[in-house]
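# Inside the fold
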Amino acid sequence: MSRQIKLLSGTQSRPLMEEIGRYIGVPPAQHEISRFADGEIRVQILENLRGEDVFIVQSTQPPADNLMELLLLIDAARRASAWRITAVIPYFGYARQDRKDQPRVPISAKLVANLIERAGVDRVLTVDLHSEQIQGFFDIPVDNLFATPVFKDYFGTLNPEEYMVVSPDVGGTKRAWAVAKKLGNLPLAVIDKRRPAPNQAKVLYLIGEVKNKRLLIVDDIIDTGSTLSEAVSYLLDRGALEVTAAATHGLFSNGAKNRLDQSGLKEIVITNTVPLPEERKPEQTTVLTIAPLLGEALIRIHEERSVSRLFI
Ligand code: R5P
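Residues numbered from 1 in each chain as written. Predicted model: local features only at pLDDT ≥ 70, side-chain atom pairs only at ≥ 80, totals over all residues. Heavy atoms only, no water.

### Let's talk about the overall build of the protein chain
Quick note on the threshold: Labels follow the DSSP assignment, with helices taken as runs of H or I lasting at least four residues and strands as runs of E lasting at least two, numbered in each case from the N terminus. Atoms counted for the radius of gyration: C-alpha only. Globule rule: 2.2 Å times the number of residues to the power 0.38. Note on contacts: a residue pair is in contact if any heavy atoms of the two residues lie within 4.5 Å. Neither His nor the chain termini are counted; the positive set is Lys and Arg, and the negative set is Asp and Glu. In plain terms, the charge of a residue is placed at NZ if it is Lys, CZ if Arg, CG if Asp and CD if Glu.
Counting secondary structure elements, the protein chain contains eight helices and 14 strands. The C-alpha radius of gyration of the protein chain comes to 20 Å, within 12% of the 20 Å expected for a compact globule of 312 residues. Across its three principal directions, the C-alpha atoms of the protein chain cover 60 × 40 × 35 Å. Of the contacts made within the protein chain by residues no fewer than 6 positions apart, 64% connect residues no fewer than 24 positions apart. Charge-centre separation for the protein chain: the mean point of 38 positive side chains lies 3 Å from the mean point of 39 negative side chains.

This is the structure we're talking about:
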């Protein structure tokens, strides 16, 4: 029996799901998401999913309704006797609370993983998890793609005499190093950042010499933009010629636009894992699409072929 791909999505990720659909040549399955009078979410799938290979695209950035839509879609697909359900979560929210680093705090990433798994998914496809060990919070297969090939297509190969990659914190060193290697074995500098309070960033030290270099800061998330704006002013003070940023997930919350508009950044390059309304978009932002990468992975999962070729 040949199983068909059925593509569904939550409201926020609908444009990305449609783009993935165009890339793989599969139209969206008919489904509706609406609200009851009190605001509760109502989901209905309007075509047969019995025995089919179902992919549900939804990022889980706030508000929590995004996560709730994903859970309800998974439940609906499971009860409709889908053969396999893959949650395609381009941005996995709540990932930054991934350990008990203070007394009496939740491990939110584990709770969210539990919710998604218990809802009934068979596998998860995601992009640049904040920390790779979140894969282990699930007891089902997780394919964690890296946006590196998308950045490589955009930036090409850069001259290592001229350009340098910077990790804005020690935790991001591995990610920055992977991009540095891909863009032409560029040298790497690392910032030692501390957080005096949530959503505040302070640069303590810099490992590496950035004077007269063109810099590319590589991060997974831009949220308030504090990490980035602090890093940019520190690096320009130390004689960098220019600073560009590349990050997979552009959340741009809480005054990020103002902060980044005034930061002196040459360009901010992000992907479309999270929809970005025009009014929250910093002036110098370029949005690259992640749809072909997700589409390739989706086809490989459907055809039971290796996904790891896309991990480089
Ligand atoms: C932190 O570990 C992450 O990699 C990002 O650097 C951080 O989430 C960015 O947050 P913000 O833009 O609020 O400084």
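### Points about the pairing of strand S1 (residues 5-9)
Heads up, the rule is: Three labels apply to residues, based on accessible area from a 1.4 Å probe with only protein chains included: buried if under 20% of the type maximum, exposed if over 50%, partly exposed otherwise in between. Two strands qualify as a pair provided that DSSP identifies no fewer than 2 bridges between them.
Most of S1 is tucked away: five of the five residues are buried. Side chains Ile-5, Leu-7 and Ser-9 of S1 all project onto a buried face; the interleaved residues Lys-6 and Leu-8 project onto the opposite face, where all are buried too. Direction of pairing for S1 relative to strand S4 (residues 53-57): parallel, over a ladder of five bridges. Across the sheet, the residue bridging to Lys-6 is Val-54, located in S4.

### Some points on the pairing of strand S11 (residues 214-222)
Keep this limit in mind: Here a crossover is taken to be right-handed if, once the strands point away from the viewer, the path from the first strand over the helix to the second is traced clockwise.
With respect to burial, S11 is a largely interior element, eight of its nine residues being buried. Bridge count between strand S8 (residues 163-167) and S11: four bridges; the pairing is parallel. Looking at the pairing, Tyr-163 lines up with Arg-214 of S11. In the sheet, S11 pairs with strand S12 (residues 242-250) via eight bridges, with the strands oriented parallel. When the bridges of S12 are listed, Ile-217 appears paired with Ala-245. Regarding the hand of the β-α-β motif, the stretch spanning S11, helix H6 (residues 226-237) and S12 is right-handed.

### A word on the nonpolar core
Note the cut-off: Throughout this description, the term nonpolar core refers to a set of buried Ala, Val, Leu, Ile, Met, Phe, Trp, Tyr and Cys residues connected via side-chain atoms within 4.5 Å. Segmentation into domains, and thus their bounds, comes from an automatic or database assignment.
Within the largest apolar cluster, 38 residues are counted, with the highest numbers of intra-cluster contacts made by Leu-7, Leu-145, Leu-216, Ile-290 and Leu-294. Taken domain by domain, this core gets at least three of its residues from each of domain 1 (5-146 + 292-311) and domain 2 (148-289). For Ile-290, the residues in contact, after removing those within four places along its chain, are Leu-16, Val-127, Ala-147, Val-150, Thr-271, Asn-272 and Thr-273. The next biggest cluster of nonpolar side chains, apart from the first, holds 33 residues, and it includes Ile-89, Ala-109, Ile-140 and Val-142.

### A short note on helix H8 (residues 291-302)
What counts, and what does not: What a helix should span is 1.5 Å times the count of its residues minus one.
Here H8 is twelve residues long and its end C-alpha atoms lie 16 Å apart, about the 16 Å a rise of 1.5 Å per residue gives. Residues of H8 that are buried include every one of Ala-291, Leu-293, Leu-294, Gly-295, Ala-297, Leu-298, Arg-300 and Ile-301, and no others. Two residues or fewer past H8, Glu-304 is found with a positive phi of approximately 55°.

### Description of unusual backbone geometry
When glycine is set aside, most residues are seen to have a negative phi, and most peptide bonds are trans. Here the amide bond leading from Pro-62 into Pro-63 is cis, since omega sits at 5°, within 30 degrees of zero. Its location among the elements puts Pro-63 in the loop between S4 and helix H2 (65-79). Positive phi, close to 70°, is recorded for Asn-199, a residue that is not glycine. Note that Asn-199 resides in the loop between strand S9 (188-194) and strand S10 (202-207). Phi is positive for Asn-254, close to 50°, though the residue is something other than glycine. As for its placement among the helices and strands, Asn-254 is situated in the loop between S12 and helix H7 (256-261).

### Let's talk about the site of the ligand
Rules: To be near a molecule or strand, a residue needs just one of its heavy atoms within 4 Å of it. The definition of a polar contact used here is a pair of N or O atoms within 3.5 Å, where within protein one atom must be able to donate a hydrogen and the other to accept one, and adjacent residues in sequence count solely through side-chain atom pairs. Three classes are used, and their members are as follows: Ala, Val, Leu, Ile, Met, Phe, Trp, Tyr, Cys and Pro are nonpolar, Asp, Glu, Lys and Arg are charged, and the others, Gly among them, are polar.
Contacts to the ligand come from 14 residues, most closely from Asp-219, Asp-220, Thr-224, Gly-225 and Thr-227. Here an oxygen atom of the ligand and a side-chain polar atom of Arg-195 are 3.3 Å apart. One of the side-chain nitrogen or oxygen atoms of Asp-220 is found 2.6 Å away from an oxygen atom of the ligand. Looking at the shell around the ligand, the elements with two or more residues in it are S11 and H6. Among the residues making up the shell around the ligand, the classes are represented as two nonpolar, five polar and seven charged.

### Digging into the sheet that holds strand S13 (residues 267-271)
Two modes of strand pairing occur in sheets, parallel and antiparallel, and in both the strands are linked by backbone hydrogen bonds. To keep it simple, the criterion reads: Fitted lines through C-alpha atoms serve as axes, helices being fitted only where they are in contact, and the angles separating the N-to-C directions of these axes extend from 0 to 180 degrees.
The strand order S10-S9-S8-S11-S12-S13-S14 describes an open sheet built from seven strands, whose pairing is mixed. The open sheet has two edge strands, S10 and strand S14 (285-288), and neither has a second partner. Neighbour-to-neighbour, the strand axes of the sheet open up by a mean angle of 25°, direction not taken into account. On the sheet, helix H4 (residues 148-155) packs against S11, S12, S13 and S14 and is oriented at approximately 140° with respect to S13. Lying on the sheet, H6 is in contact with S8, S9, S10, S11 and S12; it crosses S10 at an angle near 50°.

### Some remarks on the sheet that holds strand S7 (residues 142-145)
Here five strands make up an open sheet; going across it, the order is S1-S4-S5-S6-S7 and the pairing parallel. A strand with exactly one partner marks an edge of an open sheet, and here the two such strands are S1 and S7. Averaged over all adjacent pairs, the angle separating strand axes in this sheet is 20°, with direction ignored. Pairing of strand S6 (residues 123-127) with S7, which is carried by four bridges, proceeds in the parallel orientation. For Val-127, the partnering residue across the bridge sits in S7 and is Leu-145. In the packing of helix H1 (residues 14-24) onto the sheet, contacts are made with S1 and S4, and the angle to S1 comes to roughly 160°.

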